[in-house]
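The chain contents come next:
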Amino acid sequence: MKIVSSGEDYTFQLGYRLGSLLSKGDVVCLTGDLGAGKTTLSKAIAKGLGVEEDVTSPTFTLIHEYVGRLPLYHFDVYRIRKVEEMEELGYEEYFYGDGVCLIEWASLIEDLIPTEHMWIHMNKGDGDHNREIEIKGTTPHFQQIVEELKNV
């Protein structure tokens, strides 16, 4: 599914709805250029999961954990240089755990991503505030979520 977001408010609504639809064990991969809106979408997903804390990009710590309806494990792998760094984090416990994993810059660790996941790619569109968002699900579960997002 491809969407053109006309601004931050729509991107937030989309992310909030997505967060409300996610389930235990879901992995959501975010990619796109700097400034494309990945962190805005991440904050909205967290709110949709019931996270009350202010969500920030975990650029220097690689992962932040938040408490909501489900645990949220927010990764930013922009600075990952070797797969071993992910292994040191014990990424598998998060990816296959009881919460939702949200991974910014996921293409940098694509080989580690579970087969069942949702992939969201964001680009800056025409104008200052437009964003082009492409969402793909790899399973019927994620494809159903994509269908639900068409109503945002």
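Here is a short report on the structure shown in this document.

**Remarks on a nonpolar patch on the surface**
Next up, step 1: Judged by side-chain polarity, Leu34, Tyr78 and Leu108 come together as a nonpolar surface patch covering roughly 290 Å² of accessible area.
Next up, step 2: Considering the arrangement of structural elements, one finds leucine 108 in the loop between strand E5 (100-104) and strand E6 (118-124).

**Overview of the packing of helix H1 (residues 8-21) against helix H2 (residues 38-48)**
Next up, step 1: For the pair H1 and H2, interaxial distance at closest approach is 6 Å and the crossing angle is 40°. Relative to H2, H1 is oriented oblique. For the pair H1 and H2, the sense of crossing is right-handed. Residues Glu8, Thr11, Phe12, Gly15, Tyr16, Leu18, Gly19 and Ser20 of H1 form the contact with H2, whose own contacting residues are Thr40, Leu41, Lys43, Ala44, Ile45, Lys47 and Gly48.
Next up, step 2: In terms of residue class, the contact of H1 with H2 is made up of six nonpolar, six polar and three charged.

Cut-offs used in this document
- Residues numbered from 1 in each chain as written.
- Predicted model: local features only at pLDDT ≥ 70, side-chain atom pairs only at ≥ 80, totals over all residues.
- Heavy atoms only, no water.
- Patch = residues over 30% accessible without salt bridge, like charges linked within 9 Å, V, L, I, M, F, W, Y side chains within 5 Å.
- Areas by Shrake-Rupley, 256 points an atom, 1.4 Å probe, with all protein chains shown as cover.
- Salt bridge = Lys/Arg side-chain N within 4 Å of Asp/Glu carboxyl O.
- Helix = DSSP H or I, 4+ residues; strand = E, 2+ residues; numbered from the N terminus.
- Axes fitted to C-alpha atoms, helices over the stretch in contact; angles between N-to-C directions.
- Parallel < 35°, antiparallel > 145°, perpendicular 65-115°, else oblique.
- Left-handed = near helix turned anticlockwise from the far one by under 90°.
- Contact = heavy atoms within 4.5 Å.
- Nonpolar A, V, L, I, M, F, W, Y, C, P; charged D, E, K, R; others polar.

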